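Coordinate analysis (summary)
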Amino acid sequence: MSEKIFSALWAEIEAIGRVDGGGYIRYALDRPELILRDWFRNQADRRDMPVTDDGNGNLFAWWGGQWGRGAVLTGSHFDSVPHGGGYDGPLGIVSAFLAIDQLRSSGHQPKNPIAVVAFVEEEGGRFGLPCLGSRLLSGAIDPAKAAALTDRDGITFGEALGATPAGPLPGLQSRIGALVELHIEQGRQLEVPVGVASAIWPHGRWRFDFTGHGDHAGTTRMADRRDPMLTFAYTVLAANKEARLSGAHATMARVEVEPNATNAIPSLVRGWLDARAADTATMDSLVTAVTKRATERAGRDGTEVEVTSESLSGEVTFDTELAGRLSALLGDAPILPTSAGHDAGVLSALVPTAMLFVRNPTGISHSPAERAEHADCATGVDALAQVLSELT
Ligand code: GLV
Ligand code: MN
Ligand code: MN
């Protein structure tokens, strides 16, 4: 497909949710994401593709019988991390519509239904739990628990959705024949325009609540302080060190402070640990080590620490036979693992799942600096069309 055609469709969504300070703020079911969901419905309408909603906030645009047997799903998500890039997610949805255009103009007659899917709340940027839509669809989370998740303003997922989520799709395994998610590669591993995913590192989020004693910054003697900021700061450094020692990844990038005043020792510091590793045992021992060091340090600081596991995403190995087949179909495209989470990873527990990666020239993602060459994106659309034609 021509780069020009890709760029023309991309331009329709490029400004939605883009913020002055840089990057995108597209939280699930918040205004920019709702505009993108309307755009999705319009795209589907333009192509005579009826849209269904699974009652969990995930949208499906159908070519062929809705939820007929062995449907092949392709798509991704619209939501972003705060000040994230525009390609992480939306690239998979835009490419899916364009791949369908290509299949139709080539006269392809699919034997199985094809659906373009937009999963809700993939990043967990609003309600804290990543891949919420695919977890609900696949029954990996209790709908009542999902409904009660709150955003930073106290609005629940159930309120934002307007209902308690419907939960798992009955007969999902016979209704979905395969899911193919096209996504920007989020590292520097891919040196050609398109690759195929092999695996996803296990990863998770842990909330660390550090409590101490709020007091006056001027009058409290240094020796008398019980300052949870010190315990937090030590924990950030310990997490980094433990991750380096074990070849894992640890990040503490979100923090809340009470009262968050320049001249008051905080009473509470809440920090989130994002931990990932090539295998579950390494990830678990990383989290255990960080927790131990935080607890020891709290003992020295006269503070307390409580650790809560907020989400876990297990190790994923994508269907090896399918990945090999797609790689061969795409002229021996490289097969590579990733340490980023994806809805395809969640569904891979139940249905044959594959991912196509589009080269990320800088390797930067979850940042305003994320970008992809439109020539590569157009090659990605061609690859996706080839894959869909092979699978349907
Ligand atoms: C999702 O993009 C994640 O890996 O956090
Ligand atoms: Mn992401
Ligand atoms: Mn993504």
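In the block above lies the structure referred to throughout.
Residues numbered from 1 in each chain as written. Chains lettered and ligands numbered in written order. Predicted model: local features only at pLDDT ≥ 70, side-chain atom pairs only at ≥ 80, totals over all residues. Heavy atoms only, no water.

Re the coordination of the manganese ion (ligand 2)
Those protein atoms acting as donors to the manganese ion (ligand 2) are Asp88 (OD), Glu123 (OE), Glu123 (OE) and His366 (NE2), and they sit at 2.0 to 2.7 Å. One chain supplies every donor to the manganese ion (ligand 2), and in sequence these donors are spaced D-x34-E-x242-H. Here the manganese ion (ligand 2) and the manganese ion (ligand 3) are spaced 3.6 Å apart, linked through Asp88, which binds each one. Of this pair, Asp88 sits in the loop between strand E3 (71-77) and helix H3 (90-105) while Glu123 sits in the loop between strand E4 (114-119) and helix H4 (132-138), placing them 35 residues apart in sequence. With respect to burial, Asp88 and Glu123 carry one shared label: buried. (Donors = N, O, S within 2.8 Å, 3.2 Å for Na, K, Ca; no water. Helix = DSSP H or I, 4+ residues; strand = E, 2+ residues; numbered from the N terminus. Buried < 20%, exposed > 50% of the residue type's maximum accessible area, 1.4 Å probe, protein only.)

A look at the sheet that holds strand E12 (residues 304-313)
What the 4 strands build is an open sheet, ordered E9-E11-E7-E12; its pairing is antiparallel. The open sheet is flanked by strand E9 (249-258) and E12, the only strands paired with a single partner. Strand-to-strand, the axes of this sheet are offset by a mean angle of 20 degrees, without reference to chain direction. The pairing of strand E7 (residues 203-211) with strand E11 (residues 268-276) spans 9 bridges and is antiparallel. Its bridge partner lying in E11, Phe208 is registered against Gly271. Sheet strands touched by helix H9 (residues 280-301): E7, E9, E11 and E12. Its angle to E7, the strand with the most contacts, is close to 5 degrees. (Pairing = 2+ DSSP bridges. Axes fitted to C-alpha atoms, helices over the stretch in contact; angles between N-to-C directions. Contact = heavy atoms within 4.5 Å.)

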